[in-house]
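What follows is the residue order along each chain.
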Amino acid sequence: MTHLEELTSTLNDLVLINNDRIEGHQNAIESLEIQDADLKMRFAKMISNSRDHVSVLGDLILKAGGKIEEGTTASGKIFRSWMSFKSIFSGNDRTSILESCEAGEDAALKAYDMALASDVEMSVEVRQALMDQRVSLNGDHNQIKKMRDLNKSLA
C-alpha cells in the first residue's frame, strides 16, 4: 500500500465513524420523547459536528487523490442494532440513551486516537485537522457524560 493509499484509508475510516455518529444520534433523537428537547438539541448539534468533520475529511481525501467512502462501519451497524434492541427493554429512558450514546462517543474517540497514533504519514494540515476534530469529539463526549451523570443523580 502506498503512503497516499494508507492515508486515504485512515481518513475514510474516520469518515465512516462520523457517519456512524450521525446515524446513531439520529436514532437517539427518534427514540426521545417531546419533553427531551434538550437532548434532541444536543444530538442535533453533534450530528452537525459530524457532518462538518466528514466535509473536512472528504476534502483531505480528495487532496490526497483518494475516493471518499460512503456508508457506515460494520461495528457501527452492530452498535445501532444493539442500541435499538436495548431500547425495547429499557423503555427509551434518558439514562439508557445517554449511556448508549456515550459508548458511541468512546468508540469515536478511540478511532481518532488510533489514527493519530498510527504510522501513517500525515502532513501538518491533516494531523491538525484530526486533532481539532478529536478535541470537538471530546467536548461532545464530555457533554453527554455530564448529562448522563446529572440524569442518574436525579433518578
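Before any of the text, the structure's been laid out above.
Thresholds, definitions, all that
Residues numbered from 1 in each chain as written. Predicted model: local features only at pLDDT ≥ 70, side-chain atom pairs only at ≥ 80, totals over all residues. Heavy atoms only, no water. Axes fitted to C-alpha atoms, helices over the stretch in contact; angles between N-to-C directions. Helix = DSSP H or I, 4+ residues; strand = E, 2+ residues; numbered from the N terminus. Parallel < 35°, antiparallel > 145°, perpendicular 65-115°, else oblique. Left-handed = near helix turned anticlockwise from the far one by under 90°. Contact = heavy atoms within 4.5 Å. Nonpolar A, V, L, I, M, F, W, Y, C, P; charged D, E, K, R; others polar. Buried < 20%, exposed > 50% of the residue type's maximum accessible area, 1.4 Å probe, protein only.

Quick look at the packing of helix α2 (residues 37–63) against helix α4 (residues 94–117)
Between two packed helices, the angle of one axis relative to the other and the distance separating the axes together describe the packing.
Logical step 1: Packing of α2 against α4 brings their axes to within 13 Å, and their N-to-C directions diverge by 20°. Between α2 and α4, the angle falls in the class roughly parallel. Here the hand of the crossing between α2 and α4 comes out left-handed. Of α4, the residues touching α2 (which contributes D38, L39, F43, M46, H53 and L57) are R94, I97, L98, C101, E105 and Y112.
Logical step 2: In terms of residue class, the contact of α2 with α4 is built from 8 nonpolar, 1 polar and 3 charged.

As for the side chain of E105
Logical step 1: Here E105 lies in helix α4.
Logical step 2: Overall, the relative accessible area of 1% leaves E105 in the buried class.
Logical step 3: Apart from the residues lying within four places of it in its own chain, the contact partners of E105 are R21, H25, M46, L137, D140 and H141.

Considerations on the environment of E30
Logical step 1: Considering the arrangement of structural elements, one finds E30 in helix α1 (residues 3–31).
Logical step 2: With 10 residues separating them along the chain, E30 and K40 place their C-alpha atoms 8.6 Å apart.

A few points about the environment of H25
Logical step 1: Within the fold, H25 resides in helix α1.
Logical step 2: According to the relative accessible area criterion, H25 is buried, its value standing at 3%.
Logical step 3: Once the C-alpha coordinates of H25 and S100 are considered, the two residues, 75 residues apart in sequence, prove to be 9.9 Å apart.
Logical step 4: With residues up to four places along the chain from it excluded, the contact list for H25 reads F43, M46, I47, C101 and E105.

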